[in-house]
Each structure stands twice: as C-alpha cells, then as structure tokens.
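Examining the three-dimensional arrangement
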Amino acid sequence: MKKTVTAILMTVLIVLSLTACSSSNDDTAASSTDSAETTSAAEETTVVPGEIKEPVTYGDSKKDLSEASITESEAVDLVKAFSAEELGLEGSKDDYKFMVATVGKNVNDGDYFEVIASVVKAENEDGSINMETVGTYYVSYDGKQIFLCDTATGELTELTK
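Predicted model only: the values in this text are computed from it and were never measured. (Residues numbered from 1 in each chain as written. Predicted model: local features only at pLDDT ≥ 70, side-chain atom pairs only at ≥ 80, totals over all residues. Heavy atoms only, no water.)

Points about helix α4 (residues 72-80)
Turning to α4, its buried residues number three or more, namely A75, V76 and V79. Viewed end-on, α4 has its buried residues packed into an arc of 100°, placing them on one side of the element. (Buried < 20%, exposed > 50% of the residue type's maximum accessible area, 1.4 Å probe, protein only. Helix = DSSP H or I, 4+ residues; strand = E, 2+ residues; numbered from the N terminus. Arc of directions from axis to C-beta.)

This is the structure:
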C-alpha cells in the first residue's frame, strides 16, 4: 500500500512540475489587458531562432517525440552541455537527475522536448524516491534552440554556446 501511495504521489509531483511553466504563463496571459495583442501573438506561426515571443504560449505538441530529428537522450545531452551556473543550478550537475517528458511541448508554435532537472530529496524504505524539480528546459525538435524556463514567471531565456 505504501508503495502505491508513494508512486502516485511521485507521479503527481512530476506532472505538476512539468506543467509549472504552462500554468504560470496561463495566469499571465489571462491577466493581460490587451486581448487583441495576446490573440495576434498567439496566432503567429513563425518562430525566428533567438527570438522569444511575448507572451510565451505553451501547450502539448501535436507531433510525437519520434518525429523529432534528435532523440530524447540527445535533448538531455544538449542541456547537460551547459554549466550548472548557465542552467540556473547550484553545485554540480552530477547532483541532479535529468529527465524528458513523455509528451512534446508546443512553445510559441514550435515543437520542443521538455527536459527537467530534479534533485533527490529522500530515499524511502520501500526503495522509492522523492524528487524536487529545480530546472525546466525546452529543446527544439531539431536541437537548434534550447530555452531555460523560469517556472515562477513562465519567462524563457535562450541558452547559447
């Protein structure tokens, strides 16, 4: 019974952390006073490399991860190529677990892998672990763009080498 409850709680924690950017951005978009500007920004279909549309729009990708030109593992490697400081992490990257969401994300009309960095908070007697998400990153399906997401504000910062 403990294992089941722990597994359910961990699943809920991961799902909530993966949607943090989306939910914080929805609050920002909902409070916008210029709805015409919000609508026109959401209707744009071209994403220029290095350009971040404001307000940032989020949703699930209509394309399967298998349609990407890079793999989930390569998306993680692209994120891990940056220093812990560049990723907004404290200490060493070895202190974190990097995982990819099972569903691609649509960010500003582009398709992205969602990669999260988590830290193990507790290892339970039953072998399960409690994790806290401390970083969220979006990697384009072609691997050419990588964004750091501030989960508190939904703001994106492009990471470049």
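This is not the end of the story, as more comes after the structure.
Overview of the pattern of salt bridges
Here the structure, examined in full by the defined rule, presents 3 salt bridges. Residue K161 pairs with E86 through a salt bridge whose shortest N-O separation is 3.8 Å. Of this pair, K161 sits in the segment after β7 (156-158) while E86 sits in the loop between α4 and β2 (97-100); the two residues are 75 residues apart in sequence, bridging distant segments of the chain. The residue E132 makes a salt bridge to K121 at a minimum N-O spacing of 3.4 Å. Placement of the pair is E132 in strand β5 (residues 129-140) and K121 in strand β4 (residues 110-123), with a sequence separation of 11 residues. Residue E132 is classed as partly exposed on the basis of its relative accessible area of 35%. (Salt bridge = Lys/Arg side-chain N within 4 Å of Asp/Glu carboxyl O.)

Considering the environment of E90
For E90, the position within the fold is in the loop between α4 and β2. Along the sequence, E90 and V134 sit 44 residues apart, while their C-alpha atoms lie 9.6 Å from each other.

Observations regarding the confidence of the model for the protein chain
Per-residue pLDDT for the protein chain averages 74, and the proportion of residues at 70 or more is 65%. Per-residue pLDDT, averaged within each element of the protein chain, yields its smallest value for helix α3 (residues 35-43) (30) and its largest for α4 (97). (pLDDT = per-residue confidence, 0-100.)

So, the pairing of β5
On any regular strand, side chains alternate: one points to one face of the sheet, the next to the other face. Pairing between β4 and β5: 11 bridges, direction antiparallel. When the sheet's bridge partners are listed, V115 is paired in β5 with Y137. Taking the residues between adjacent antiparallel strands as the criterion, β4 and β5 are bridged by 5 residues, where G127 takes a positive phi near 95°. Two strands pair when backbone bridges link them, and β5 and strand β6 (residues 146-149) are joined in this way by 4 bridges, in the antiparallel orientation. Looking at β6, one finds that V139 is bridged to I146. Hairpin connection between β5 and β6: a loop of 5 residues separates the two successive antiparallel strands, and G143 in this loop has a positive phi of roughly 80°. (Pairing = 2+ DSSP bridges.)

Re unusual backbone geometry
As a rule of thumb, non-glycine residues mostly have phi less than zero, and peptide bonds are mostly trans rather than cis. You will see that N108, though not glycine, has its phi angle at about 50°, which is positive. When you line up the elements, N108 lands in the loop between β3 (105-107) and β4.

Observations concerning the pairing of β4
In terms of burial, β4 is largely enclosed, as 10 of its 14 residues are buried. Of the strand pairs in this sheet, β2 and β4 are connected by 4 bridges, and their pairing is antiparallel. From the neighbouring strand, K97 faces β4, where its bridge partner is S118. What sits between β3 and β4 in their antiparallel hairpin is a turn of 2 residues, with N108 showing a positive phi close to 50°.

Observations concerning the environment of L159
With respect to the helices and strands, L159 occurs in the segment after β7. Residue class for L159 comes out buried when judged on its relative accessible area of 10%. In sequence terms L159 and I146 are 13 residues apart; their C-alpha atoms lie 5.5 Å from each other. Not counting the four nearest positions on each side in its chain, L159 is found in contact with F82, E86, L87, Y137, I146 and L148. (Contact = heavy atoms within 4.5 Å.)

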